[in-house]
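Coordinates in review
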Amino acid sequence: AREGAREGQKAKKRKHDISGVGSFALQSEHALDSQLFNRFMVQLLQRKKEDLYRSKGVLCFEGEGDAKYIFQGVHEQIQFEQSNTKWVEGEPRVSKVVFIGRDLDREEIEAAFRTCIVHAQTAHPH
């Protein structure tokens, strides 16, 4: 019986610690600046690559016409590509990103994400 109890204790130690793990989504109804979004993701990954487990999103970039972009990532491995589908006329062009990880500071990440948004009054030609 003692060996069984020891094996049970070892099994418990192998479980993942999920304390502090959570997820949140951010979105913008305004187009994003692709260079600023790229910088935002690079900086986020530099700071949180161990804690950012998954990320994914659908993006609308300024100056890209009907092109819809998608990305998904595991830690710092991000796949980014133009979607096979385009934004259709009348479809809300809402950029949405989701982050899953440990001890992610939503307010800090959201503030950085907001700097990527192109507002009509601050739009600049590319």
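All values derive from a computational prediction rather than experimental measurement.

This paragraph deals with the confidence of the model for the protein. On average, residues of the protein score 86 in pLDDT, and 80% of them are at 70 or above. Per-element mean pLDDT across the protein ranges from 48 in helix H1 (residues 2–14) up to 97 in strand S5 (residues 95–102). Note on residues 5–14: pLDDT under 50 across the span, and zero contacts to partners over four residues away in sequence or across chains. This model gives residues 121–126 a pLDDT under 50, and the stretch forms six contacts once residues within four places in sequence are excluded.

Moving on: unusual backbone geometry. For histidine 75, which is not a glycine, the phi torsion comes out positive at approximately 55°. As for its placement among the helices and strands, histidine 75 is situated in the loop between strand S3 (67–74) and strand S4 (77–86). Relative accessible area serves as the criterion here: at 28%, histidine 75 is assigned to the partly exposed category. A positive phi is found at aspartate 103, a non-glycine position, where the angle reads about 50°. Mapped onto the secondary structure, aspartate 103 falls in the loop between S5 and helix H3 (106–114).

Right, let's talk about the nonpolar core for a bit. In terms of nonpolar packing, the biggest core is built from 21 residues, with Leu32, Phe37, Phe40, Leu59, Val97, Phe99 and Ile109 touching the most fellow members. Broken down by element, the residue count for this core peaks at five residues, all from helix H2 (residues 34–48). The residues contacting leucine 59, other than those within four sequence positions of it, are Leu32, Phe37, Ala67, Lys68, Tyr69, Phe71, Phe80, Trp87, Ser95 and Val97.

It is worth spelling out the pattern of salt bridges at this point. Opposite charge on two side chains lets them pair, provided their charged atoms get close. Summed over the entire model, instances satisfying the criterion amount to six salt bridges. Taking the shortest distance from any N to any O, the salt bridge between glutamate 108 and arginine 47 comes out at 2.9 Å. Linking glutamate 108 in helix H3 with arginine 47 in helix H2, this pair joins segments that are 61 residues apart in sequence. Between lysine 48 and aspartate 51 there is a salt bridge, with its nearest N and O atoms 3.4 Å apart.

Right, let's talk about the layout of surface pockets for a bit. Of the pockets and cavities examined, the largest pocket occupies roughly 160 Å³. What lines the largest pocket is Ser34, Phe37, Asn38, Met41, Val42, Leu45, Phe61, Phe71, Ile78 and Phe80. At the level of secondary structure, the elements contributing two or more residues to the lining of the largest pocket comprise H2 and S4. Broken down by element, the residue count for the lining of the largest pocket peaks at six residues, all from H2. Of the residues contributing to the lining of the largest pocket, the split by class is eight nonpolar, two polar and no charged.

This next bit is on the side chain of serine 83. Turning to its location among the elements, serine 83 is positioned in strand S4. According to the relative accessible area criterion, serine 83 is buried, its value standing at 14%. Here the side chain of serine 83 touches threonine 85 through a polar contact of 3.1 Å, side chain to side chain. Ignoring sequence-local partners within four residues, the contact set of serine 83 consists of Lys68, Tyr69 and Ile70.

Rules used in this analysis
Residue numbers restart at each chain and count upward from 1, following the sequence in its written direction. Local features in this predicted model are restricted to residues whose pLDDT is 70 or higher, and side-chain atom pairs enter the listing and the counts only when it is 80 or higher, whereas totals over whole chains, interfaces and linings include all residues. The basis for the side-chain values is all heavy atoms of the structure; hydrogens and waters are excluded. pLDDT measures how confident the predictor is about each residue, on a scale from 0 to 100. Helix and strand definitions follow DSSP, with helices as H or I runs of at least four residues and strands as E runs of at least two, each counted in order from the N terminus. Contact criterion: two residues are considered in contact whenever any of their non-hydrogen atoms come within 4.5 Å of each other. Exposure categories follow from relative accessible area, calculated using a 1.4 Å probe and restricted to protein chains: below 20% of the type maximum is buried, above 50% is exposed, and the middle band is partly exposed. Working definition of a nonpolar core: buried Ala, Val, Leu, Ile, Met, Phe, Trp, Tyr and Cys residues. They are joined through side-chain atoms within 4.5 Å. We define a salt bridge as a contact between a side-chain nitrogen of Lys or Arg and a carboxyl oxygen of Asp or Glu at a distance within 4 Å. Within this scheme a cavity is a closed region of a 1 Å grid, computed over the protein atoms alone, that accommodates a 1.4 Å probe without allowing it to escape, whereas a pocket is open but has protein on both sides within 12 Å along at least five of seven lines; lining residues each have an atom within 4 Å of a point. Grid points are joined across faces, edges and corners, and a volume is the space filled by probe spheres set on the points. In the scheme used here, Gly and all other residues not listed as nonpolar or charged are polar, with Ala, Val, Leu, Ile, Met, Phe, Trp, Tyr, Cys and Pro taken as nonpolar and Asp, Glu, Lys and Arg as charged. Contacts described as polar in this section are N or O atom pairs within 3.5 Å, which, within protein, must combine one atom able to donate a hydrogen with one able to accept it, while residues neighboring in sequence count only if both atoms come from side chains.

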